[in-house]
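Examining the three-dimensional arrangement
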Amino acid sequence: MKRGATMKNWMVMISLMILGGGLSGCTGSSTKWKEEVQLSDGRVIVVEREAIYVGGGDEWAFNRGGSKIDGYRIRYTSPDGSGRVVEWRSTKKSPQTYPEVPLIFDLPVGQPTVFSLVAISSGCEVYSKYVYQNGTWVEESLPEQFGQLPTSLLFGSKRDLPRLLNLTEKNGRNSATHYRQEVKQIGPNRKVCG
């Protein structure tokens, strides 16, 4: 009788260890870096970036890491001496649950502004614009057509990132030929299909 109870206890412990080991591969992680960003007025600032990952995803067959991107963050500390930190987080997700990708961070008239791109259906994506006003991010409607703007944030490879990604290295990572034009610039159309 005692031997059976001991065997049962061992089986429960082994099952819990296997389950725990399996779940540990599903926990989230993130990649953090600082990045130089050239603003539309020519100034260069440094922002903090973070790509947040979660376990799982349909792409497991192709993704040996077993994780997928779940969101992005941008943190900007105002250089005015106030120490004010502004943080933007991706909020929209595609039907396949991929987050919107931030492509531009700018400070027109001193207001933090982010442009992003997210899939809205299979084969169609849309650009969004967010402006930081009175302590909160407000999405502003973009017209159906507008002038093209060059991407200012890293969208390329995040592999082996240095602590501070300078403009030259970022441009090199973003210029790979396999990246689509829709991430290398925003516009001239709000919606991109095909």
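Report on the accompanying structure.

**Re the nonpolar core**
Formed by 22 residues in total, the largest nonpolar core has its most connected members in Val 37, Ile 45, Val 47, Ile 74, Tyr 76 and Phe 105. Broken down by secondary-structure element, the contributors of at least two residues to this core are strand E1 (29-38), strand E2 (44-55), strand E3 (67-77), strand E4 (85-89) and strand E7 (124-133). Dropping the residues within four chain positions of it, Tyr 76 is found in contact with Ile 45, Val 47, Arg 84, Val 85, Val 86, Phe 105, Leu 107 and Pro 112. Ranked by size, the runner-up nonpolar core spans 12 residues in total, among them Leu 103, Tyr 127, Phe 146 and Ile 186.

**A closer look at unusual backbone geometry**
For the peptide bond that leads from Gly 187 to Pro 188, omega is 10°, which places it in the cis range. Mapping Pro 188 onto the fold places it in the loop between strand E11 (185-186) and strand E12 (191-193). The phi dihedral of Thr 97 falls on the positive side, at around 65°, and the residue is not glycine. When you line up the elements, Thr 97 lands in the loop between E4 and strand E5 (101-106). The partly exposed category is assigned to Thr 97, whose relative accessible area is 37%. Here the phi dihedral of Asp 160 falls at roughly 50°; this positive angle occurs in a residue that is not glycine. As for its position among the elements, Asp 160 is in the loop between strand E9 (149-150) and strand E10 (164-165). Given the relative accessible area of 71%, Asp 160 is considered exposed.

**So, the sheet that holds E3**
Strand order across the open sheet formed by five strands is E4-E3-E2-E1-E10, with mixed pairing between neighbours. With partners counted over all chains shown, the strands left at the sheet margins are E4 and E10, one partner each. Bridging between E3 and E4 involves five bridges; their strand directions are antiparallel. Counterpart to Arg 75 in the pairing with E4 is Glu 87. Of the strands in this sheet, E1, E2 and E10 touch helix H2 (residues 167-174), which is tilted by about 115° from E1.

Reading guide: rules and limits
- Residues numbered from 1 in each chain as written.
- Predicted model: local features only at pLDDT ≥ 70, side-chain atom pairs only at ≥ 80, totals over all residues.
- Heavy atoms only, no water.
- Core = buried A, V, L, I, M, F, W, Y, C linked by side-chain atoms within 4.5 Å.
- Buried < 20%, exposed > 50% of the residue type's maximum accessible area, 1.4 Å probe, protein only.
- Helix = DSSP H or I, 4+ residues; strand = E, 2+ residues; numbered from the N terminus.
- Contact = heavy atoms within 4.5 Å.
- Pairing = 2+ DSSP bridges.
- Axes fitted to C-alpha atoms, helices over the stretch in contact; angles between N-to-C directions.

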